[in-house]
Amino acid sequence: MLRGTLFFLSWMLTLGLSAQVDIQKEALANYKSSLFKDAIPLYEQIVKSGHFTKENLYQLASCYYYTDQTKKAQRLLYQLLNYVSDDSSLMLLVQVLMMNGEYNKAIPIIKQLVEKKPLWVKQKMDACRFAMADDLMKEKFRVSNMAQVNSMNADFSPQMVDGQFIFASSRSVAIEKNDEVIWTHDAFNQYYVLRNGQVEPLHAFLGNNINDAPMSYAEGQDYVAITSNNFMDGIRQVPGSGLMMDIYTYRTRPSYVWNKSTEEFFPYNADIDADTPFSTGHPYLTKDGMSMYFASDRPGGFGGFDIYVSYKTVHGWSVPKNLGPEINTMGNEMCPFFTPSGRLFFSSDWHEGYGAFDVFMSKQKSYGWGRVVNLGTNVNSPKDDLYFTFDESTNVGYVTSNRIGGKGYEDIYQVKKIADYGVESKMVLQVGDKFTFGNSYFRVNSTQLRNLDNQEMRAFVAQLLDNPTIAIKINGYTDSRGSASENLKLSKERAGSLRRFLIDNGVDANRIRYQGYGETNLLNGCRNNVRCSYSRHAVNRRLEVIAYADLSPTLAVEAVSSNNYSFKNNSTTATVVKTNRPNSVLVANVRETVRKDHYAIGDKIEIANVYYEHGRSTVDHQRSEGLKELREILKEQPNVVIEIGAYTDATGSASYNMELSQKRAQSVRDYLIKSGIEASRLIAKGYGETVILNHCKEGVQCTKEEHAVNRRTEFKVINQSGFSKGDIIKVADINYELNRSQLDMDNSNGLIEIITLLQNSTISVEIRSHTDAKGSATYNLELSQKRARSVYDYLISKGIDRSRLTFKGYGEMMIMNRCKDGIRCSDEEHAMNRRTDFKITGLAVR
């Protein structure tokens, strides 16, 4: 009897375990198939029984997350963290906390992943800080739930077409299929129209059991683009939830019903048998039907889903073009909507937002896209805000959201713009700003530039277009290989190539000067007959662009003649010559003073022209105001050693010109010494006619104006000296790979400068690395320490005695402006604090 009882109990236990295994298998199968609603009751049964694993808890939490049950997901994830604290669970908990609006709880969890997920940490920290800051867009829009169209199911993708409100819904409806009337299930959505206050199907459902939403009409063009998808009612329409999409196009009949016989498969959907399947959907057709914006997670993008545009041509749709890094991110960008005024609205889960997907806006400009702006807490919420559309003529639009307070899974909300967006921010460009475009822009021995379609160049063009009164000068430089004359020609042609590119992209030609200097301003020791590696030569191949003058018409007029106007603005003087073309001016013969905070070895100090008495070496002080400015610069930067280089034109004998130029350089040196500048900091050198800037060499007939171009005095920083213990040495940029300690050797000219300085002196220094205040203080301190060590190791590898070097990371302890923890600042303001400098610890080798 006992044996029978034991056998029965054993059999029951085995049966129970077998059933448990079956439930586990079914739950996992549903989870992997993105059938989250079906998986939830199975996982809940497993958890309730107590026979669960940490994988079961994570999978159930994910099911809650994808079905927008984020409160349940939050409670379960905290329970899971009692068992395991893995990266995936922490990241999911952060996301659901943000979707629940609990940003203060999310921040300490984010910081736990600072080492393993630095980019993710930065994005989430920025988003939390953004969400907790003042909302500058809140008063721009009023939002209300469209109760007359929303249901208990998903209602989404609204649009106005010729005055009719059309939207998609997964509500259950009767359809005719195989001569039977059946009701649709939760994996079926179609379009509806609001007529006379009543919701009606857009067209008859005749057994076509495929989801058709979202879609876009080319109004007046008898043309529609539709997303065929697998959206399920109650499942968030977001990446990760298993969504798959393709775009089809159709001709439309009256009442906006599409003709199935005209169906065309968008040629840039994924092939049916593709090794790497991807989705393509959320189309937006411009009114003329010639452009289609859409979202896709195809290979080659910046992250998950990116926004692309394709153009309709006589040969069909063009190859899709990614809208670029100004719009697309490491996350997901979806639901594009483009207005006639050039505004792009879209949803993103990576740009600074409030939790999940938010709606953003960017203005199209001639150079690309302007700043991306979050539409604020009325349009957006901590949950998913998608499918934004907007009519600029009525200031009315619509958005889809699963925010708290709706009737169903997703609801449609009407959006009314009640205030202007405000002045759209522009990229700042000021006199004195300098840009360097390095070797990556040059083909070997070619005058044409390459790689011009990149973020750096687009941002530069943006600054020029946003600041139309700023004039620039493009200086071209080569390495020392080849003949000096050929290098001079090559550098000028390359500078001219950049000028043509800027003009082609909308920059007024009258704002641009350009000049080639060949190999006359090398940044390192790779001179003629000096053996150097390719990479060291490459440092010298560059274009430097200096913003040298503000030609704003509001400047005070200093002097007027019949044809010329001279404007003065602070230390910048420009002569503007009238032309016969209406509304245009031509900048001519301008030498200007451009003040910088720091002059690196190899930098030129740009000042207004230095003039001499006719045919003599004596400085004409009445016309040489720039020397006073130079004197002030040298006093402000007491360690700078400069070469005073004087040049003549090619008229007269070469020996006379050489002697005259040397006397002129010496005359300037004498003036500066009398003005209180130490003689040891000034080197006078005459170059005569050895470096002619144009074609006016000896024997070539030129005008007086053309010869005048070559008569000049230049000032170049060749060293730094005269330091005291405790001095802080600033150098040119030293940059690192994003959120890493590895040096970015393509953008770290400051390394060359400090090496040169150490080689030419006996000082000892502490290498000091500083960060901004974004991220945790602990992370910033550790990152700065690693970066300082990277510079230390690099200097030793270049022959600097380690006994002269120490290193220390200061993190965010020495912020130079207001941008401390909790204060919202621009990227430019934060960037001021990211720096590496050198503190003198000794004046002789220890």
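Residues numbered from 1 in each chain as written. Predicted model: local features only at pLDDT ≥ 70, side-chain atom pairs only at ≥ 80, totals over all residues. Heavy atoms only, no water.

**Concerning the overall build of the chain**
- Each helix and strand in the chain was counted, giving 16 helices and 39 strands.
- For the chain, the residues scored as buried account for 52% of the 846 residues in total.
- A sequence separation of at least 24 residues applies to 60% of the contacts in the chain between residues at least 6 apart. (Helix = DSSP H or I, 4+ residues; strand = E, 2+ residues; numbered from the N terminus. Buried < 20%, exposed > 50% of the residue type's maximum accessible area, 1.4 Å probe, protein only. Contact = heavy atoms within 4.5 Å.)

**A word on the pairing of strand β23 (residues 396–401)**
- With 6 of 6 residues buried, β23 lies mostly within the body of the structure.
- With burial as the criterion, each face of β23 is covered, one bearing V396, Y398 and T400 and the other bearing G397, V399 and S401.
- Two strands pair when backbone bridges link them, and strand β22 (residues 385–391) and β23 are joined in this way by 5 bridges, in the antiparallel orientation. By the bridge assignment for β23, D385 is matched with S401.
- As paired elements, β23 and strand β24 (residues 411–417) share 6 bridges and run antiparallel to each other. Each residue of the ladder has a partner; that of T400, found in β24, is I412. (Pairing = 2+ DSSP bridges.)

**Focus: the sheet that holds strand β37 (residues 764–770)**
- Reading across from one edge, β36-β39-β37-β38 is the order of the 4 strands in this open sheet, with mixed pairing throughout. Whereas interior strands pair on both sides, the edge strands pair on one side only; in this sheet they are β36 (728–729) and β38 (805–811).
- Strand direction decides the pairing type here: β37 and β38, joined by 6 bridges, are parallel. The partner of R768 across the bridge, within β38, is K808.
- The strands that helix α15 (residues 777–797) touches are β37, β38 and β39 (835–842); relative to β38, the one it contacts most, it runs at about 155°. (Axes fitted to C-alpha atoms, helices over the stretch in contact; angles between N-to-C directions.)

**Description of empty space enclosed by the protein**
- Applying the stated rule across the entire model yields 4 cavities of 30 Å³ or more.
- By volume, the second largest cavity is sized at about 50 Å³.
- The leading source of residues in the lining of the second largest cavity is helix α7 (residues 118–132), at 3 residues.
- Split into classes, the residues belonging to the lining of the second largest cavity amount to 5 nonpolar, 5 polar and 3 charged. (1 Å grid on protein atoms, 1.4 Å probe; cavity = no way out; pocket = protein on both sides within 12 Å on 5 of 7 lines; lining within 4 Å. Points joined across faces, edges and corners; volume = space filled by probe spheres on them. Nonpolar A, V, L, I, M, F, W, Y, C, P; charged D, E, K, R; others polar.)

**Some details on the pairing of strand β14 (residues 306–313)**
- Of the pairings in the sheet, the one linking strand β13 (residues 291–296) to β14 comprises 6 bridges and is antiparallel in character. Note that in β14 the partner of A295 across the bridge is I307.
- Here β14 pairs with strand β16 (residues 321–322) via 2 bridges, running antiparallel. Opposite V309, over in β16, you have K321 as the bridge partner.
- Counting the residues in the hairpin turn of β14 and strand β15 (residues 316–317) gives 2 residues.

**A closer look at the environment of G316**
- Positionally, G316 belongs in strand β15.
- A relative accessible area of 26% means that G316 is categorised as partly exposed.
- Between the alpha carbons of G316 and P267 there is a distance of 8.8 Å; along the sequence they are 49 residues apart.

Function cannot be read off these values alone, since they describe shape.
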